Amino acid sequence: MLAELAATGITDYIACVHRLGDAVKMGEFDCVYSSWGSDAPAGFAEADVGLVAALGPFLAAAMLSCTVRQITRTVVETYLGGDAGGRVLRGAIARGVAERIRAIVWFSDLKGFTSMVDSTDAELVLPLLNEYADPQVEAIHAHGGTVLKFIGDGLLGMFPVGDSTAEAASRALAAADAVLTALAEVSARRVAAGLPATGAYLALHLGDVFYGNIGGATRLDFTVIGPAVNEAARMSAMCRPLAQDVLVSQAFADALPAARTRLVALGSHRLRGVAQAQALYAVVPAVSVPRTASWCAKESLAKEEARKQKP
């Protein structure tokens, strides 16, 4: 490096390290380095070196301030999500303060996860969760949604409704399509490697939710609550008995009439803990696939369930 600097006309070089101390260091970030070059014929004078040494702590403090803010934003957005993290950094930290918003609620969980854990080496469970969570997070974020939290093998997300409910619903459905494709690829890769593989059940619902801080005085969670969240979770639990990977509610179907050709009515169903029966719809895959025996069996079961629910 010194030879390269000399080739550009640098005649003198000094480097300094300024330790931050245990009180302010963050992880491996415990010091700030600075390097200085001079193209003066005689290089640095002693006064110059003294000035650099005197300026060092102030420059380190400025660098520390910028870096800590960057680290804080990264940590908050990683653990809370981009939208929730931004709100917290802007001061939305009062317990019990929540905003009522309209949103598409996303609730997904893995198929047969409980029984899989019982029969799988513990060291394989965490990589499995991560590998199946990653495509969901990427798809939700790529389509303008927010991942709010992981609940065991489940994932709670939302797509806030802005000026157009149909637009939010369309983005949520596009994210669902992307997830199903990506998870199929994950499963194929894991099966080829001799690893346990699964899939995901997903429910999409439209409703009003309360978005804000909930919890104790010293431990808060920035999330969503409300009947729509509970109903989405209960809908996800209906995927298995109805033999469907994706279910959407009547409210979601009404919000996206352009997608009606992809929805198959399954009749009204009682959801655990929900007073009124809910009309549910299966989602036909976006890509054209052969109607295999497995798919036809799912369709037949769905039609039979829908017939039983009719008065």
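Note that this is a predicted model, so its numbers are computed, not measured.

(A) Fine view of the overall build of the protein. On a plain count of helices and strands, the protein comes out with nine helices and 10 strands. Principal-axis analysis of the C-alpha atoms gives the protein an extent of 95 × 50 × 40 Å. With 311 residues in all, the protein has 39% of them scored as buried. Within the protein, contacts between residues separated by at least 24 positions form 66% of all contacts whose residues are at least 6 apart in sequence. Accessible area of the protein: about 17,300 Å², with a carbon and sulfur share of 58%. If the 27 positive side-chain charges of the protein are averaged to one point and the 31 negative ones to another, these points end up 14 Å apart.

(B) Quick look at the packing of aromatic side chains. With the rule as written, the count across this model stands at two aromatic pairs. Ring geometry for Tyr-211 versus Phe-222: centroids 5.1 Å apart, planes at 90°, classification edge-to-face. Pair noted here: Tyr-211 is in strand β6 (residues 200-215) and Phe-222 is in strand β7 (residues 220-225), with a separation of 11 residues, a long-range link. By the burial criterion, Tyr-211 is buried, and Phe-222 matches it.

(C) The side chain of Gln-278, seen in detail. Residue position: Gln-278 is located in strand β10 (residues 278-283). A polar contact is formed between the side chain of Gln-278 and the backbone oxygen of Gln-276, at a distance of 3.4 Å. Aside from chain neighbours lying at most four places away, what touches Gln-278 is Glu-231, Gly-267, Ser-268, His-269 and Leu-271.

(D) Region of interest: the pattern of salt bridges. Within the structure shown, the criterion is met by 12 salt bridges. Here Asp-208 makes a salt bridge to Arg-102, at a shortest N to O gap of 2.9 Å. Separated by 106 residues along the polypeptide, Asp-208 in strand β6 and Arg-102 in strand β3 (residues 98-110) bring together distant segments of the chain. The class for Asp-208 is partly exposed, based on a relative accessible area of 31%. We classify Arg-102 as partly exposed; its relative accessible area is 37%. The shortest N-O distance in the salt bridge between Lys-149 and Asp-221 comes to 2.7 Å. In this pair, Lys-149 is assigned in strand β4 (residues 146-151) and Asp-221 in strand β7, connecting sequence segments 72 residues apart. Taking the relative accessible area as the measure of exposure, Lys-149 reaches 26% and is therefore partly exposed.

(E) Seen up close, the packing of helix α2 (residues 46-80) against helix α3 (residues 82-89). Two elements in contact, α2 and α3, have axes separated by 7 Å at closest approach and are oriented at 130°. Relative to α3, α2 is oriented oblique. Two packed elements cross with a definite hand, and for α2 against α3 that hand is right-handed. Residues Thr-72, Arg-73, Val-76, Glu-77 and Leu-80 of α2 lie in contact with α3, whose contacting residues are Gly-82, Ala-84, Gly-85, Val-88 and Leu-89.

(F) Inspection of the confidence of the model for the protein at higher detail. Overall, the predicted model of the protein reaches an average pLDDT of 88, with 92% of residues at or above 70. Of all the helices and strands in the protein, helix α9 (residues 293-309) carries the lowest mean pLDDT, 44, while strand β8 (residues 246-249) carries the highest, 97. A low-confidence stretch, residues 288-304 (pLDDT under 50), is modelled with 13 contacts involving residues beyond four sequence positions or located in other chains.

(G) Geometry of the nonpolar core. Of all hydrophobic cores here, the largest spans 38 residues; its most connected members are Ile-104, Trp-106, Phe-159, Leu-204, Val-248 and Phe-252. The leading source of residues in this core is helix α6 (residues 165-192), at nine residues. Once residues lying within four places of it in the same chain are set aside, the contact partners of Ile-104 are Gly-157, Met-158, Phe-159, Val-161, Ala-168, Ala-169, Ala-172, Leu-204, His-205, Leu-206 and Phe-252. Counting 19 residues, the second largest nonpolar core, distinct from the first, contains Val-76, Val-105, Tyr-211 and Ala-228.

What counts, and where the lines are drawn
- Residues numbered from 1 in each chain as written.
- Predicted model: local features only at pLDDT ≥ 70, side-chain atom pairs only at ≥ 80, totals over all residues.
- Heavy atoms only, no water.
- Helix = DSSP H or I, 4+ residues; strand = E, 2+ residues; numbered from the N terminus.
- Buried < 20%, exposed > 50% of the residue type's maximum accessible area, 1.4 Å probe, protein only.
- Contact = heavy atoms within 4.5 Å.
- Areas by Shrake-Rupley, 256 points an atom, 1.4 Å probe, with all protein chains shown as cover.
- Lys, Arg positive; Asp, Glu negative; His and termini not counted.
- Charge placed at Lys NZ, Arg CZ, Asp CG, Glu CD.
- Phe/Tyr/Trp six-rings, centres within 6.5 Å; stacked < 30°, edge-to-face > 60°.
- Polar contact = N/O pair within 3.5 Å; in protein donor to acceptor, adjacent residues only side chain to side chain.
- Salt bridge = Lys/Arg side-chain N within 4 Å of Asp/Glu carboxyl O.
- Axes fitted to C-alpha atoms, helices over the stretch in contact; angles between N-to-C directions.
- Parallel < 35°, antiparallel > 145°, perpendicular 65-115°, else oblique.
- Left-handed = near helix turned anticlockwise from the far one by under 90°.
- pLDDT = per-residue confidence, 0-100.
- Core = buried A, V, L, I, M, F, W, Y, C linked by side-chain atoms within 4.5 Å.

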